[in-house]
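Take a look at the letters that make up each chain.
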Number of protein chains: 4
Amino acid sequence: MAAKLQTAVLGATGYSGLELTRLLLRHPRLEKPVLLGRPDAGHANVNLVDVFPILSGNGKYPLQPLSWPELKRQGVKLLFLATPHEISRSLAPEAMTEGLRVIDLSGAWRLKRQQNRAIYNFQDADSVSAAQLTERAVYGLPELNREQIPDAALVANPGCYATSVILALAPLLHAGIVDRERGIISDSKSGVSGAGKGPNSRTHFVSVADNLSAYSVFGHRHVGEMLEQLNLEDRELIFTPHLLPIPRGILSTVYVYLNSAMKAAEVESCFRNFYSGRRWVRVFATPQLPQIQFSLYTNNCDLGFCLAEDGRRLVLVSCVDNLLKGAAGQAVQNMNLMYGWNEEEGLL
Amino acid sequence: MAAKLQTAVLGATGYSGLELTRLLLRHPRLEKPVLLGRPDAGHANVNLVDVFPILSGNGKYPLQPLSWPELKRQGVKLLFLATPHEISRSLAPEAMTEGLRVIDLSGAWRLKRQQNRAIYNFQDADSVSAAQLTERAVYGLPELNREQIPDAALVANPGCYATSVILALAPLLHAGIVDRERGIISDSKSGVSGAGKGPNSRTHFVSVADNLSAYSVFGHRHVGEMLEQLNLEDRELIFTPHLLPIPRGILSTVYVYLNSAMKAAEVESCFRNFYSGRRWVRVFATPQLPQIQFSLYTNNCDLGFCLAEDGRRLVLVSCVDNLLKGAAGQAVQNMNLMYGWNEEEGLL
Amino acid sequence: MAAKLQTAVLGATGYSGLELTRLLLRHPRLEKPVLLGRPDAGHANVNLVDVFPILSGNGKYPLQPLSWPELKRQGVKLLFLATPHEISRSLAPEAMTEGLRVIDLSGAWRLKRQQNRAIYNFQDADSVSAAQLTERAVYGLPELNREQIPDAALVANPGCYATSVILALAPLLHAGIVDRERGIISDSKSGVSGAGKGPNSRTHFVSVADNLSAYSVFGHRHVGEMLEQLNLEDRELIFTPHLLPIPRGILSTVYVYLNSAMKAAEVESCFRNFYSGRRWVRVFATPQLPQIQFSLYTNNCDLGFCLAEDGRRLVLVSCVDNLLKGAAGQAVQNMNLMYGWNEEEGLL
Amino acid sequence: MAAKLQTAVLGATGYSGLELTRLLLRHPRLEKPVLLGRPDAGHANVNLVDVFPILSGNGKYPLQPLSWPELKRQGVKLLFLATPHEISRSLAPEAMTEGLRVIDLSGAWRLKRQQNRAIYNFQDADSVSAAQLTERAVYGLPELNREQIPDAALVANPGCYATSVILALAPLLHAGIVDRERGIISDSKSGVSGAGKGPNSRTHFVSVADNLSAYSVFGHRHVGEMLEQLNLEDRELIFTPHLLPIPRGILSTVYVYLNSAMKAAEVESCFRNFYSGRRWVRVFATPQLPQIQFSLYTNNCDLGFCLAEDGRRLVLVSCVDNLLKGAAGQAVQNMNLMYGWNEEEGLL
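Read on for a plain summary of the structure. (Residues numbered from 1 in each chain as written. Chains lettered and ligands numbered in written order. Predicted model: local features only at pLDDT ≥ 70, side-chain atom pairs only at ≥ 80, totals over all residues. Heavy atoms only, no water.)

Moving on, we come to the interface of chain B and chain A. Contacts between chain B and chain A engage 45 residues on the former and 45 residues on the latter. Counting across the chain B and chain A interface gives 4 salt bridges. With a closest N to O distance of 3.4 Å, Asp-234 of chain A and Arg-313 of chain B form a salt bridge. Inspection of the region where chain B meets chain A yields 29 residue pairs in polar contact (both at pLDDT 80 or more). Mapped by element, the contributors of at least two residues to the side of chain B that touches chain A are strand S7 (184–190), helix H9 (205–208), strand S8 (213–214), strand S9 (237–243), strand S10 (250–257), helix H12 (292–295), strand S12 (301–307) and strand S13 (313–320) of chain B. It is S7 of chain B that contributes the most residues to the side of chain B that touches chain A, 5 residues altogether. Of the residues belonging to the side of chain B that touches chain A, the class tally is 26 nonpolar, 10 polar and 9 charged. (Contact = heavy atoms within 4.5 Å. Salt bridge = Lys/Arg side-chain N within 4 Å of Asp/Glu carboxyl O. Polar contact = N/O pair within 3.5 Å; in protein donor to acceptor, adjacent residues only side chain to side chain. Helix = DSSP H or I, 4+ residues; strand = E, 2+ residues; numbered from the N terminus. Nonpolar A, V, L, I, M, F, W, Y, C, P; charged D, E, K, R; others polar.)

We now examine the sheet that holds strand S12 (residues 301–307) of chain D. All names here are of chain D. A sheet is described by the order of its strands in space; here 7 strands give the open sequence S8-S9-S7-S10-S13-S12-S11, paired in mixed fashion. Unpaired on one side and paired on the other, strand S8 (213–214) and strand S11 (281–283) mark the two borders of the sheet. Here 2 bridges tie S8 to strand S9 (residues 237–243), and the two strands are oriented antiparallel to one another. Among the inter-strand pairings, Ser-213 is bridged to a residue of S9, identified as Leu-243. Those strands touched by helix H11 (residues 264–274) are S11, S12 and strand S13 (313–320), and its axis lies near 160° from that of S12. (Pairing = 2+ DSSP bridges. Axes fitted to C-alpha atoms, helices over the stretch in contact; angles between N-to-C directions.)

What follows covers the relation of the copies chain B and chain A. The transform that puts chain B on chain A rotates by 180° and translates by 0.0 Å along the axis, for an RMSD of 0.0 Å. Such a turn and shift between the copies fits a two-fold axis. For chain B, the minimum C-alpha distance to the rotation axis belongs to Arg-182 of chain B and amounts to 2.6 Å. When the interface residues of chain B are mapped onto chain A, 100% of them again fall at the interface, so both copies present the same face. (Least-squares fit on C-alpha atoms with pLDDT ≥ 70 in both.)

Let us look at the pattern of salt bridges. Two side chains with opposite charge may pair up if their charged atoms get near one another. Residue and element names in this part refer to chain A. Tallying each qualifying case throughout the model produces 68 salt bridges over all chains. Arg-180 is the salt-bridge partner of Glu-236, the closest N and O atoms lying 3.0 Å from each other. Of this pair, Glu-236 sits in the loop between helix H10 (223–230) and strand S9 (237–243) while Arg-180 sits in the loop between helix H8 (160–175) and strand S7 (184–190), placing them 56 residues apart in sequence. Overall, the relative accessible area of 30% leaves Arg-180 in the partly exposed class. (Buried < 20%, exposed > 50% of the residue type's maximum accessible area, 1.4 Å probe, protein only.)

Turning next to the interface of chain D and chain A. At the junction of the two partners, chain D supplies 13 residues and chain A supplies 13 residues. Summing both partners gives a buried area of about 1200 Å² for chain D against chain A, and 51% of it is carried by carbon and sulfur. When the buried surface of chain D facing chain A is broken down by residue, Ile-54, Arg-282 and Phe-294 of chain D rank first, second and third, together holding 37% of it. At the junction of chain D with chain A, the criterion picks out 0 salt bridges. At the boundary of chain D with chain A, the tally comes to 0 residue pairs in polar contact (both at pLDDT 80 or more). (Buried area = accessible area lost by both parts, 1.4 Å probe.)

This next bit is on the relation of the copies chain D and chain A. Put simply, the two copies of the chain differ by a rotation about an axis and a shift along that axis. When chain D is fitted to chain A, the residual RMSD is 0.0 Å, and the transformation amounts to a turn of 180° plus an axial shift of 0.0 Å. Counting the interface residues of chain D, we find that 100% of their copies in chain A are interface residues as well, pointing to one common contact surface.

Before going further, it helps to examine unusual backbone geometry. Trans is the prevailing form of peptide bonds, just as negative phi is the prevailing case for residues other than glycine. Cis peptide bonds are those with omega within 30 degrees of zero, and the linkage from Thr-286 of chain C to Pro-287 of chain C qualifies with 5°. Mapped onto the elements of the fold, Pro-287 of chain C is located in the loop between strand S11 (281–283) and helix H12 (292–295). Positive phi is not limited to glycine here, since Tyr-297 of chain A has a value of about 65°. Within the element layout of this structure, Tyr-297 of chain A appears in the loop between helix H12 (292–295) and strand S12 (301–307). For Tyr-297 of chain A, a relative accessible area of 41% gives the class partly exposed. At Asn-231 of chain B, a residue that is not glycine, the phi angle is positive and equals roughly 55°. Positionally, Asn-231 of chain B belongs in the loop between helix H10 (223–230) and S9. Asn-231 of chain B sits in the exposed class, given a relative accessible area of 53%.

This part takes up helix H1 (residues 15–25) of chain D. Counted residue by residue, H1 of chain D has 8 buried out of 11 residues, so it is predominantly covered. Three or more residues of H1 of chain D are buried, namely Tyr-15, Gly-17, Leu-18, Glu-19, Leu-20, Thr-21, Leu-23 and Leu-24 of chain D.

This paragraph deals with the environment of Leu-144 of chain D. All names here are of chain D. Among the structural elements, Leu-144 can be located in helix H7 (residues 142–145). Since its relative accessible area comes to 26%, Leu-144 is described here as partly exposed. Contact partners of Leu-144, with chain neighbours within four places excluded, come to Ile-166, Leu-167, Ala-170, Gln-229 and Phe-274.

Attention shifts here to the sheet that holds strand S13 (residues 313–320) of chain A. Residue and element names in this part refer to chain A. Overall, mixed pairing links the 7 strands, which are arranged S8-S9-S7-S10-S13-S12-S11 in an open sheet. Looking at strand neighbours, the two that pair on one side only are strand S8 (213–214) and strand S11 (281–283), the edges of this open sheet. Across the sheet, helix H11 (residues 264–274) lies against S11, S12 and S13, angled at about 160° from S12, the strand it touches most.

The structure is reproduced here in C-alpha cells:
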C-alpha cells in the first residue's frame, strides 16, 4: 500500500473542524492529522480534549502553533482551513506559496463574481494576487465540478445551505425545463450548529427552543454561490434561511415552475440520470420525501419531490447534514478526489 | 351586569378542546361550561383530570353524555364542537334544530365550493340540508368576516394553517398589488399539537425530535379555505406544510411578487391600514420579523415582511399559536363578536 | 377601591425580571411599574421591546436610569431587584434608606449563617450594616414564613431550586419522621432559563440539546438556603443539580428514609395538613406524580411521592416553574402578603 | 482470513433491532445478516426500508418469515432476538434445540432469582426446562462476566438502565468500601427510544417535549438485574427512572456513602483498576463529569464522580447510549467475545 498522506487542520475547535478531525482520524489513507491552533484565538498549546470533552479517553489532541517550516518538517502536504473567511483569506495564499494544497471550508474563495463577494467585505478586495487565486480556486461540489477537483491546488468547499439548494436545482436547470421567469424559491431551514460555536443571544438555548425564525432574508452570504453555480440572476432566486430548534441538519424546500407539463416519472429520471454514479446523492422515489433525520450523520444529500397535478408546479425537498455533506464530509470527499481515491473512503 | 352565558364543549379531551375549556373557565361573561364526552370515544362519565393531569387540584371536571334535553335543562345557549369533522357534520345540524348556536372547530363547515370539500369525503355530500347549512355557515375569521359573525347561527372556526396564511395575504390581495400570474407560495411549519392528540408513528417523540419533514404537499385540507377566503385559483397557490420539533406554534413564510416596485413603507402601510382596529393582528415594523416564540400563549397573529431591493419580491412571515389564534382563542374571539362583547374578553 | 400601588423593577432585561414585569403589568392592585435600567449594563434609555421583541405591539417599555429622587417623585413604594447578587447587595440598603420596601430576587440577603454566605464572596462581608440588614431580611417562602412577610421591609425571594426542595421536605422534617442519620438526597433538574440570559458555551443550544449534565455537585449556592430553612447540617444533605434540554421548569426527586414504617395515606396526610390553606402548593394523590409540564406557566409547587412496600424508603417529586414559583411568581405572592392582599392576586 | 459468520436478527423493526442490524451490516467478520419478521407482527414479507426510510437507497432489506430449516440451509449459526420478552421466552429454547447460539436483548433470561422474575409474569414460570435454561444463560455484561461469555450458548444482553447502574457501582461494591446500611440510590434519566417504538400517549411528542417525569418508581423491571449482579438486597437500593425529552441516551446519578473517608484519587484508582483493559468503559478524571452527549453514538459507558469534602458522600455519574452500550452495541460486544474476536470489532 502507498505511503499515507500527512494532513493538517487549522480550526479543529469549531463544529466543522471537530467533525473534520474525527473523519480524518479514521480515514484509512491518512496519517494522524496535525492539529493547528488558530492564531487569532490563542488556541495554540491547547488540548482539543479540553474544548471537546467528548474526545476524552481516546488519547491527547494537542494543538500546535502554526509554523510553515514545522509543517514542512512534519511532511504535511494538504492543509484544511476550518476558519473564519478573513483568516482563510490571508492563510490560503501563504500555504500555497509553501507548496501545500488547501481545502478551505470558509466562504473566502468560493465566489468568482465581484458583486457576489461584496457581502464579505474582504480586506484584499482590490489585490491582484487575490483575484488570481480566486480564479484558480475550484468550487468543491463534486457532483458538479468533478473534473476540476483532481488537479486543484485550492478547493473552496461549498456552504452548507448552498450544497442543499444547488444539488436540488442543478439537474432541472441543466435540463432547461425550469420556467426561470416565474422565479425560483428556496425556503431553507437549518439546525443551530450551522450558526457556529460562538455563544450569543441568538444561539442561547432559550432563544432557539420551541421556536422557529427566519433571518438574513435577501441578505445571506450563500446566495452568491447558488447564483454562480446555477448560472442564475439575482432576481431569479429568493432564498430564505430559518433557524430550527435542532442541533444539526438542513432541509431546503425548493419551489420551481416547469416550462411545460411533465410527469413525475420524467422528473425522477431527470434526477436519476444527472446523479447516476454519484455515490453521495440519494434520490427518493415519489411519493417518499427526505426528512432531516434520514441524512443526519451521513454524507448524503437526499433529494425528493412532489409534482402538482398540473405537471407544472414542482416542490423539491433536499436534506443534508450541515456538518458532513454541508462541510467536513464534503471536504473529505474533495480530498478523496484530489488524490484519486474512492469517493467513499473514510465516509462510511 | 347581565346574566352570564351558559356554554357547552364537546371534545375537551383533545388539545384544542382542552385549551378552549381553560379559556372558557376564566372568561368573565360565562358560567362554568358544561363538558360533554364524545359519543364515539366513550368519554362520557370520564373526568377530564384523568385525561389531563395538568388540571389536578383545581376541582373536578366530569364529562357528561350528550343529551339535548339535558343541555336545554342546563340553559346552554352556545355549543362548541372540538370534534373530528365527521362528528361535527352530524351534530351541528342537530344542535341548531335544538335552538343552539354553534362554533365548530373542525373542517366540517368551512368550505363553500364543492370541489374543495371533496377532500373531506363527507358522507352527506349530496344532502340538501347539508348544502343549505353550508351556505348559512360563516367562516369565523373575524379580521375578514367581522360583519357576518354577530348574527351567525353556525360559525366555522378556521384551520390553524389557514389562519396564518390568509391573514398574511389578505391585505395585499385586497389591494390588488400581487402579481398572481407568477404564483403565491406558502411554506408553513407547525408544531406537533397541530397533528392531534392521537398517538401514532408520526407523532412519536423519536420521529419528530431532531427532525423536520414536509407532508401532504399538494394535498392538505386547509388549502380550500385559503383559496376561498382569498379568491384564488388552485393553480395560483402552493402550500407546503412541515412538521416542526416543537409542541405548538405555526410560522408561515409566504412568497409573493408585486405587480410593480414598491417601497417597504408602502407595504407596511398596506398591512397597518387593513388591520387598523383589529386587536389580534400585530404588524411588525421592518426589519423586525415575527418568531414563533413571540406569539405562543397569545391570541395574536404576528405579521412581518422583507422586501427585496427590486421592490417586487416580497417575503412575508406570519406566526400564530395553533391552539389559540389557530383554534380555541379564535373560537372565543368569535363568541365575543356573536354576543356583542369586547373582542379581547377572556383572551388577555 | 384603594389607590393603586406604585412599584419599580430593576433588571427587567433578565428572564426573571421580564416575567415579573409581565405579572406586574396585569396585577389589578398596581399602577404600571416603573422600569429601571441596570447601572452596570448601560440599560438605561433602552426600550425593553428591543430586548424582548415578544413585547412588540403592546406599547413602549422605556427603561429609566435609577435615581432615588425620581423614584420618590413618581411615588414608588416597593422596589423589585431582579439583579445579580452583587448589585442587590449594594442597592437594597440604599433603597431602604430612601424608605422603599424591597423584594430582592437574588441570593444577596437569603442566608443568615456566615459559613453559607462564604460561597457568594460578598465584598461587604465584614460590614456591620450588612450584618444588621441580613438579620432583618425575611426569607420569602410564604408557605413557611407567612407570619414575618407582612411586616418585612426587605424580602429575600428564595432560589428556584431551593423552593422546590424545601417545600418537598418541610412537612416531613417538621413532623420529625425523617431518619436524618441516613441522609437526604435531592436530585434536581432544571431548564436552561435558570442559568440566566447571558450567552456562554454552557447555554449554547448545541451544548444543551439532546443532552443532560450534572453540575456544581457539592458546590451549588442554593444549598445554604435549604440547610437554613430546613435546619439541616451540611452532612445531612446531598444536592445535585442537572441541566435539562428544556427552556423552563424544575423537577426535584428527593430521597428520604423514614424513622419507622408508614402508610402512603399517612404520608399524604402529612403533606395535606402542612399545606392546608396554602393556595400555591398542590399535593398529588398517590400514585400520581407531578411532571414539569403540569406546573409550567403557573405559580404552583406540585408535590407527589412514592413509598416503598417497606414503608421506609420514600421518593418525593417536586415541580415548579423556575421563573414563577421559583422567582417572579413568588415575588408577587410575597408582595400580596406584604400589602394584605389575597395571595392569588395577579397570579391566575 | 476465516470464513465469515452467518447471523440472523429477529426484530429489526424495533429501535434496538434496527441499530443492531446496522452494526452487523458493517461488521468485518460477518456475512450480511438474515433479517426475520416477527411472527406476532406479521412483519414477514415486509421490506425494512418501508419501516425505516432512513435505509433508503442502500439496497433492499427484505424480512423473511422465521423457519428453522431455512435458517439451517442459510448456514445461520447465531441468532439475535430483539423481541419482547414473551417471544424471546418461547423462541430461545427452540433456537437452541436447533443448534443455534442466541443473544437475547430482552429481559427473558437475565434473572436467576425467582422473586425478581415475578414482575415479568412469564407464562412458563413453573416449567423445568425454562428453569434449566435460565441457569445456563449468561448475563452478558462483558466487564463483569467476561469469563463465561465465550462458551455461552445463550447470552442475556443486559437492560439499558441496568448497564449504566451496575457499571457505576460494581468497582465500589467489589472493593467493599460502600456503607450499604445507609442505602444506595440511582436516579436515572433516559431518552424516549428506551420506551420502545410503539406509539402511545406517553411517547407522543407533546407529552415528552418541555417535560420531565419520573415513572415506575419502586417497580421497574431492571431493578432485579441490578440486585443480582451487584449482590444487593432489595431494601439496599432505590432506583428511580425518568423520561427525558431527548431521543436517546441515559444518565444515572448514583449516590453512595463510603464506610470511611477516602480521597478522590483513591476513588478514581478504584475505578481505573477495576476497568483496566476494559475497552468500553471510560473513566473521567475529577472534576470532569460525563454528559449524555459524550457517549451518544458510541459503545462507551462513561463514568465520573464527585466526592464531598467529608470524603464519605459520593455522587457517581454514569452515561450510556441506551441503543448501543445499553442494547445493540453490547450485543455485538458479546458476539465478539463469543467468537474470540477483538472486543472492538464492528463498534468503532
